[in-house]
2 protein chains.
Amino acid sequence: MSFKKPDEQDVIYFTQLLGEAYVILDKEALTPYSKDYTEDLSFYPDVVLKPATTQDVSAILSYCNTQHIAVTPRGAGTGLSGGALPVKGGISLSMERFNKILKIDERNFQVIVEPGVINEALQNAVKEKGLFYPPDPASKGSCFLGGNIAHSSGGPRAVKYGTTRDYVLNLEVVLADGSIIETGANTLKYSTGYNLTHLMVGSEGTLGVVTQMVLKLIPMPKNTLLLLAPFASAENACEAVSGIFRAGGNPSACEFVEPEGFRLAANMLNMSFEIAENVGAYLLIEVDGNDSEVMMKECEIISEVLYNFQALDVLFAETAAQKEYFWKLRRGIGEATKHNNTYKEEDTVVPRAELPKLFTGVKEIGARHGFRTVCYGHAGDGNLHVNILKDDLSDEFWNKDLNQGIIEIFELCKELKGTISGEHGIGYVQQQFMPIMMPPHQLALMRGIKAAFDPNGILNPGKIF
Amino acid sequence: MSFKKPDEQDVIYFTQLLGEAYVILDKEALTPYSKDYTEDLSFYPDVVLKPATTQDVSAILSYCNTQHIAVTPRGAGTGLSGGALPVKGGISLSMERFNKILKIDERNFQVIVEPGVINEALQNAVKEKGLFYPPDPASKGSCFLGGNIAHSSGGPRAVKYGTTRDYVLNLEVVLADGSIIETGANTLKYSTGYNLTHLMVGSEGTLGVVTQMVLKLIPMPKNTLLLLAPFASAENACEAVSGIFRAGGNPSACEFVEPEGFRLAANMLNMSFEIAENVGAYLLIEVDGNDSEVMMKECEIISEVLYNFQALDVLFAETAAQKEYFWKLRRGIGEATKHNNTYKEEDTVVPRAELPKLFTGVKEIGARHGFRTVCYGHAGDGNLHVNILKDDLSDEFWNKDLNQGIIEIFELCKELKGTISGEHGIGYVQQQFMPIMMPPHQLALMRGIKAAFDPNGILNPGKIF
């Protein structure tokens, strides 16, 4: 698929459509749009466009479809698989002006919102009404809801509440030819033809551009309790995770963290956090609910499991400040790893009880190939983020030989009936590994779906497959 | 799309593949395969095939794809939209021999199961291990899990636990050309390319044939409580529904029933059930959980809401037998309506708080066009089954003029941001109404997806669009 580079004529069209302020051409101004949070990658778009309405998006796509200009939709650029990188140049379609919460429907526990709204802004707005939007990626303070839809983002609370997918009722989508559809209805159930809503979620901007979304809300749980349990053995911590659920626990977060993760976060954030020498891993576990007695009972059950798996201690966060302290550390790990080192982040996920095998395997593969990893993540749903650190490895090893190690990690995921991305998506950086997960005829099927939506392939080319 | 009628040569191939016992040609033996539970429709297949393995299905589809023979996959035939009717003749592909529960994975709360297993058989098998498979269509005692996937079937418990879709982790699917894929991984999260699992769910056998499935389980709640509340005003009952959720209730079922529904079911089942003359509607509400005190508190909150909306009474089912008594009545309504009368069942769904408008509208439309309806269903998720009764209406009205009334009901659904099927699917009978819900370019998009999976259109032709 080859694309036309936008020329002067095209820029005139875009400028007439959006106004000069929303058509960015200046190299320096393009720079922020050449990156996302993925490694140290950089791909410049030729033009950044900032539409404000569905009609703007429709006009842009219709035009680019006719002209064969590549269009890469962009949220806040916090993605970890390079999904928002304009790897084929062309247009970076920034959704930053779609920043309005249009309607909080308290009667139906729904919200109508634009894709450029920041995740946490939505959470806070609905919280004021006693309502809850659970998906909470680590980047919640800056990521856009549109990006969350692109990858079906999760976060710590996914273990109890599911990922973004589970909260999307209906989407307004502009297709590649500029036509507009609503993918579903604003209902809790939907069996009305192929489920285009679920097909759009996780499609990483390759099938259409979401311009409005209807999201499901639930009542806000009144309380949370937070436990931190250090373990001498990381393997025991992993084993404890499925033990919690088998004992009847239903935590609202169940996070695994290697000590190095907390150490890096504490350093970057200038927070003091003492890590005893004998600690091999932590579990950070949250319980939520409305009835304190029931929650305490659940914490007791969980504590018992943790001690059964040789936890060194089980610490309760007593105050809201303490809870926020631990969460801030936890959320900081990804950025801190990047801050400290060049790294690649793999988003491995396996059935929950296979986590010990995954963790042990990752360490064994790293030792064999000679690379260091920091592992952390959403252990409760078997989702382990594996940060591979460059340290003083040669560029050649990093850019070439390392791949074999990554391949072995992903093959292990597959062997354990897991997959290579739980919540970050495939985007640019993981597409080379897709053949590990599926045969050529399955990739061809995905390309067939893509072609049905976007015959000219203008939308986010160079991604997924 | 025109199809070849299977000839002698084809039958020889099928017989060699499956054995004579599993290739049905005899007209009388074909009769059960000419129907499902939809109205009084009947379409005969030319041949019924009963494969037993994925390889059988692969060989059949590969052969039929080359020969352009239509193949209609069939579960237990309990569908309500004619999805399993071989409207273009050809093969009825009965999945009845795929009847094994292959593995209950207690460590990961998952089950690997074949599509011909009966819903309730799975529920019972996992219950023995303390695990819970929530989706519970009224036909749970006879419907197949494969059919549940075809339409993303719901049932009373969907209001708290979601529909079939929410429990499908991974599917083994045979595509139209005989090739085999796994749609996902056995994980709680998945962001690895287009979500083919969610695309298959609800696709009504038009994209592939499911031969194995991995389903998510959850811990079995220890107790249930059941309330029955009669209301003088059906509108008040509808209004109470969203009131329950706004007050913090989270019932595991919240069913609306018009008295005529219970009356018909009681008659058919020979059960005594006294209905006071002033009753306009019932709400049947279940609460589940592990802590009796918490559950009682929730029932008190719900009762208060019910009385606030002028419930005449709130009756508690005291014993397991009483609970089963009410549920048996509730589940019997669909069949009883059919038993008693010719009827059409519409599967309307709207946002929960719009239920009063939907109910009032349905009654108004019926009065204006001169037809009688019995309404009941899963009020908690805004899903109202509207059974239209033929009574002594003329065949001409029934087959022609009635359509205008149905169109108005569906237009009302759309106006209320709902849709024309919440859980029964589009199948054969609702496809004519799809243009109400979506523009031609959206239907074309669905056909494009279909073509990517099944270029020759052999799979379940004449359905959805």
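What you see is a predicted model; the values in this text were computed from it and never measured.

Asks: Which residues make up the overall build of chain A, and what values go with them?
Replies: If you tally the helices and strands in chain A, you get 15 helices and 18 strands. Over its C-alpha atoms chain A spans a radius of gyration of 22 Å, differing by no more than 12% from the 23 Å that the globule rule assigns to 465 residues. Overall, the C-alpha framework of chain A stretches about 70 × 60 × 45 Å when taken along its three principal axes. Out of the 465 residues in chain A, the part that is buried amounts to 64%. Here the analysis covers contacts within chain A between residues at least 6 apart in sequence; of these, 73% occur between residues at least 24 apart. If you sum the accessible surface of chain A, you get close to 16,500 Å²; carbon and sulfur atoms cover 49% of it. Averaging the locations of the 41 positively and 57 negatively charged side chains of chain A gives two centres separated by 3 Å.

Asks: Now, about the relation of the copies chain A and chain B: what can you tell me, with residues and values included?
Replies: At an RMSD of 0.0 Å, chain A and chain B line up after a rotation of 180 degrees and a shift of 0.0 Å along the axis. Put plainly, the chains are arranged around a two-fold axis. In this assembly the copies share their binding face: 99% of the residues contributing to the interface of chain A also contribute to that of chain B.

Asks: Which residues make up the state of the cysteines, and what are the values?
Replies: All names here are of chain A. Inspection of every chain in the model, using the stated rule, returns zero disulfides over all chains. Looking at cysteine 238, it has no disulfide partner, and the nearest cysteine sulfur is the one in cysteine 375, 8.4 Å off. Residue cysteine 238 is classed as buried on the basis of its relative accessible area, which comes to 1%.

Asks: I'd like a description of the pairing of strand β13 (residues 253-257) of chain B, backed by residues and values.
Replies: Residue and element names in this part refer to chain B. Among the five residues that make up β13, five are buried, leaving the element largely enclosed by the rest of the structure. Of the pairings in the sheet, the one linking β13 to strand β17 (residues 372-378) comprises two bridges and is antiparallel in character. Counterpart to valine 257 in the pairing with β17 is tyrosine 376.

Asks: With reference to specific residues and values, describe unusual backbone geometry.
Replies: Both trends apply: most residues other than glycine have a negative phi, and most peptide bonds are in trans. Residues and elements named next belong to chain A. Its identity is not glycine, yet aspartate 391 carries a phi of approximately 45 degrees, on the positive side. Note that aspartate 391 resides in the loop between β18 (383-389) and α13 (395-415). Classification of aspartate 391 as partly exposed rests on a relative accessible area of 35%.

Asks: Which residues make up the domain arrangement of chain A, and what values do they have?
Replies: Residue and element names in this part refer to chain A. Domain boundaries assigned for chain A yield domain 1 (101-219) and domain 2 (223-415). Domain 1 and domain 2 are separated by 27 Å when their C-alpha centres are compared. Across the contact, nine residues belong to domain 1 and 13 residues belong to domain 2. Taking both sides of the interface into account, the surface hidden between domain 1 and domain 2 amounts to around 940 Å²; carbon and sulfur atoms contribute 56%. It is Pro156, Val159 and Lys160 that lose the most area in domain 1 upon contact with domain 2, and together they represent 60% of the buried surface on that side.

Asks: I'd like a rundown of the interface of chain A and chain B, residues and numbers included.
Replies: Across the boundary between the two partners, chain A contributes 78 residues, which contact 77 residues of chain B. In total, chain A and chain B occlude about 5,900 Å² of area from one another, counting both sides; carbon and sulfur atoms represent 59% of this. Together, Lys189, Ser191 and Tyr194 of chain A form the three largest contributors to the area buried by chain A at its contact with chain B, with a combined 16%. Connecting chain A to chain B are ten salt bridges.

Asks: Describe the sheet that holds strand β9 (residues 180-182) of chain B, listing the residues and the values that go with them.
Replies: Residues and elements named next belong to chain B. Taken in spatial order, the five strands line up as β5-β6-β10-β8-β9 in an open sheet, and their pairing is antiparallel. Edge positions in the sheet fall to β5 (101-105) and β9, since each of these pairs with one other strand and no more. With strand direction ignored, the average angle separating the axes of adjacent strands in the sheet is 10 degrees. Relative to strand β10 (residues 209-216), strand β6 (residues 110-113) is paired through four bridges, and the arrangement is antiparallel. Its bridge partner lying in β10, valine 111 is registered against leucine 215. Across the sheet, helix α3 (residues 54-67) lies against β8 (168-174), β9 and β10, angled at about 50 degrees from β8, the strand it touches most.

Asks: Tell me about the sheet that holds strand β2 (residues 47-49) of chain A, and name the residues and values.
Replies: Two modes of strand pairing occur in sheets, parallel and antiparallel, and in both the strands are linked by backbone hydrogen bonds. Residue and element names in this part refer to chain A. Taken in spatial order, the four strands line up as β1-β2-β4-β3 in an open sheet, and their pairing is mixed. Only two strands of the sheet have a single neighbouring strand rather than two, namely β1 (23-24) and β3 (71-74). Most of the contacts of helix α3 (residues 54-67) go to strand β4 (residues 91-94), to which it runs at about 165 degrees, and overall it touches β2, β3 and β4.

Asks: Explain the nonpolar core residue by residue, including any values.
Replies: If you look at the biggest cluster of nonpolar residues, it comprises 182 residues, and the most contacted ones within it are Phe256, Leu306 and Phe453 of chain A together with Phe256 and Leu306 of chain B. Among residues more than four places away in sequence, those in contact with phenylalanine 256 of chain B are Ala234, Ala237, Cys238, Ala281, Tyr282, Leu283, Phe359, Cys375, Tyr376, Gly377, Ala379 and Leu384 of chain B.

Asks: Explain helix α12 (residues 355-369) of chain A to me, using residue names and the numbers behind them.
Replies: Side chains of residues three or four places apart in an α-helix project in the same direction, reflecting 3.6 residues per turn. Residue and element names in this part refer to chain A. With 15 residues, α12 should cover 21 Å at 1.5 Å per step; its first-to-last C-alpha distance of 21 Å lies within 8% of that length. Those residues of α12 not exposed but buried are Leu355, Pro356, Leu358, Phe359, Gly361, Val362, Ile365 and Gly366. Buried-residue contacts for α12 involve α8 (234-246), β13 (253-257), β16 (343-349), β17 (372-378), β18 and α13. Within two residues after α12, glycine 370 carries a phi angle of roughly 80 degrees, on the positive side.

Asks: Hey, could you go over the pattern of salt bridges for me, with residue numbers and the actual values?
Replies: Note that side chains of opposite charge can pair when their charged atoms are close. Residues and elements named next belong to chain A. On inspection of all chains with the given rule, the structure shows 52 salt bridges over all chains. Across the pair lysine 4 and aspartate 10 runs a salt bridge whose closest N-O atoms are separated by 3.0 Å. Looking at aspartate 10, the relative accessible area reads 1%, which means it is buried. Ionic pairing is found between glutamate 96 and lysine 50, a salt bridge with its closest N-O pair at 3.4 Å. One end of the pair, glutamate 96, is in the loop between β4 and β5 (101-105); the other, lysine 50, is in the loop between β2 and α3, and 46 residues separate them in sequence. We classify glutamate 96 as partly exposed; its relative accessible area is 28%.

Analysis parameters
Residues numbered from 1 in each chain as written. Chains lettered and ligands numbered in written order. Predicted model: local features only at pLDDT ≥ 70, side-chain atom pairs only at ≥ 80, totals over all residues. Heavy atoms only, no water. Helix = DSSP H or I, 4+ residues; strand = E, 2+ residues; numbered from the N terminus. Rg over C-alpha atoms; globule rule 2.2 N^0.38 Å. Buried < 20%, exposed > 50% of the residue type's maximum accessible area, 1.4 Å probe, protein only. Contact = heavy atoms within 4.5 Å. Areas by Shrake-Rupley, 256 points an atom, 1.4 Å probe, with all protein chains shown as cover. Lys, Arg positive; Asp, Glu negative; His and termini not counted. Charge placed at Lys NZ, Arg CZ, Asp CG, Glu CD. Least-squares fit on C-alpha atoms with pLDDT ≥ 70 in both. Disulfide = S-S within 2.5 Å. Pairing = 2+ DSSP bridges. Domains from an automatic or database assignment. Buried area = accessible area lost by both parts, 1.4 Å probe. Salt bridge = Lys/Arg side-chain N within 4 Å of Asp/Glu carboxyl O. Axes fitted to C-alpha atoms, helices over the stretch in contact; angles between N-to-C directions. Core = buried A, V, L, I, M, F, W, Y, C linked by side-chain atoms within 4.5 Å. Expected span 1.5 Å × (residues − 1).

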